[in-house]
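Breakdown of the fold
Chain by chain, the residues:
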Amino acid sequence: GEDVEQSLFLSVREGDSSVINCTYTDSSSTYLYWYKQEPGAGLQLLTYIFSNMDMKQDQRLTVLLNKKDKHLSLRIADTQTGDSAIYFCAEYAGNNRKLIWGLGTSLAVNP
Amino acid sequence: DTGVSQDPRHKITKRGQNVTFRCDPISEHNRLYWYRQTLGQGPEFLTYFQNEAQLEKSRLLSDRFSAERPKGSFSTLEIQRTEQGDSAMYLCASSGGLGGGPYNEQFFGPGTRLTVL
């Protein structure tokens, strides 16, 4: 079956790195995404990784994919208070063209 | 085009009433999705359209729910005989092209928050 799991909460100090983890079950997933949701705002795509990649870096964001273990992580370097939000991991299984979502990790950044 | 828009942003209704929400996708996008999100949960897929064709419906979408996209542009989601359990944020997303781009990015609207009293 399809399932995406994430830890629910993460608290870090401003300037530290944050690492948000996600596991998924569908080995046919083609793309894996990280979305950010701020209070009262819509979901915003942060970054994505294609399933044949191991790592992707985009400014302060680093995505690591371990396809064997079906484990995805998002590292935010030099975390800022503006990074406080809920971060959702989602997998795209192309055969049914929908995103399967985790419950979201609530990141709190303390000054 | 400023992105995906949804109307209304908030809706309060009494149990048993019907409600209808509208989504206007990004104009060149041919795929449109409806999701439902409750507090502390990730979005749950409800249904998706490619152009005007409704290609998939989740089991979550009971027969009280109906979605349409008559001309392949905007879409409506109607809930009949609302129940308190229908209270949630209803999210619309769109994505573009037959292949949806290299990463099939779904662009989300701000959502319609439904409260059923």
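For the structure given in this document, a descriptive report is provided here. (Residues numbered from 1 in each chain as written. Chains lettered and ligands numbered in written order. Predicted model: local features only at pLDDT ≥ 70, side-chain atom pairs only at ≥ 80, totals over all residues. Heavy atoms only, no water.)

**Side note on the interface of chain B and chain A**
Residue-level contacts link 22 residues of chain B with 18 residues of chain A. Both faces considered, chain B and chain A share a buried interface measuring about 1700 Å² in area, 52% of it formed by carbon and sulfur atoms. Along the contact surface separating chain B from chain A lie zero salt bridges. The tally of links between chain B and chain A comes to two residue pairs in polar contact (both at pLDDT 80 or more). Looking at the side of chain B that touches chain A, the elements that each hand over two or more residues are strand 4 (29–37) and strand 5 (44–50) of chain B. Taken together, the residues of the side of chain B that touches chain A sort by class into eleven nonpolar, seven polar and four charged. (Contact = heavy atoms within 4.5 Å. Buried area = accessible area lost by both parts, 1.4 Å probe. Salt bridge = Lys/Arg side-chain N within 4 Å of Asp/Glu carboxyl O. Polar contact = N/O pair within 3.5 Å; in protein donor to acceptor, adjacent residues only side chain to side chain. Helix = DSSP H or I, 4+ residues; strand = E, 2+ residues; numbered from the N terminus. Nonpolar A, V, L, I, M, F, W, Y, C, P; charged D, E, K, R; others polar.)

**Brief notes about the sheet that holds strand 8 (residues 71–76) of chain A**
All names here are of chain A. Strand order in this open sheet of five strands is 1-3-8-7-6, and the pairing throughout is antiparallel. Two strands bound the open sheet, and with one partner strand each, they are strand 1 (4–6) and strand 6 (55–58). Shown here is a sheet whose adjacent strand axes are inclined to one another by a mean of 15 degrees, direction ignored. Both strand 6 and strand 7 (residues 61–66) contribute to a ladder of four bridges, which runs antiparallel. By the bridge assignment, Lys56 is partnered in strand 7 with Val63. (Pairing = 2+ DSSP bridges. Axes fitted to C-alpha atoms, helices over the stretch in contact; angles between N-to-C directions.)

**Observations regarding the environment of A:Tyr31**
Residue and element names in this part refer to chain A. Within the fold, Tyr31 resides in strand 4 (residues 31–37). Relative accessible area serves as the criterion here: at 14%, Tyr31 is assigned to the buried category. Considered as a pair, Tyr31 and Arg60 are 29 residues apart in the sequence and their alpha carbons are 20 Å apart. (Buried < 20%, exposed > 50% of the residue type's maximum accessible area, 1.4 Å probe, protein only.)

**Some details on the packing of aromatic side chains**
For the coordinates displayed, the defined rule picks out 15 aromatic pairs over all chains. Centroid distance A:Tyr31 to A:Tyr33: 6.3 Å. Interplanar angle 40 degrees. Geometry classified as tilted. Here A:Tyr33 falls in the buried class, since its relative accessible area comes to 0%. Each ring, one from B:Phe21 and one from B:Tyr90, has its centre 5.4 Å from the other, and the planes form 45 degrees; the classification is tilted. Taken together, the positions of B:Phe21 in strand 3 (residues 19–24) and B:Tyr90 in strand 9 (residues 88–96) put the pair 69 residues apart, joining distant regions of the chain. By relative accessible area, which is 1% here, B:Phe21 ends up buried. (Phe/Tyr/Trp six-rings, centres within 6.5 Å; stacked < 30°, edge-to-face > 60°.)

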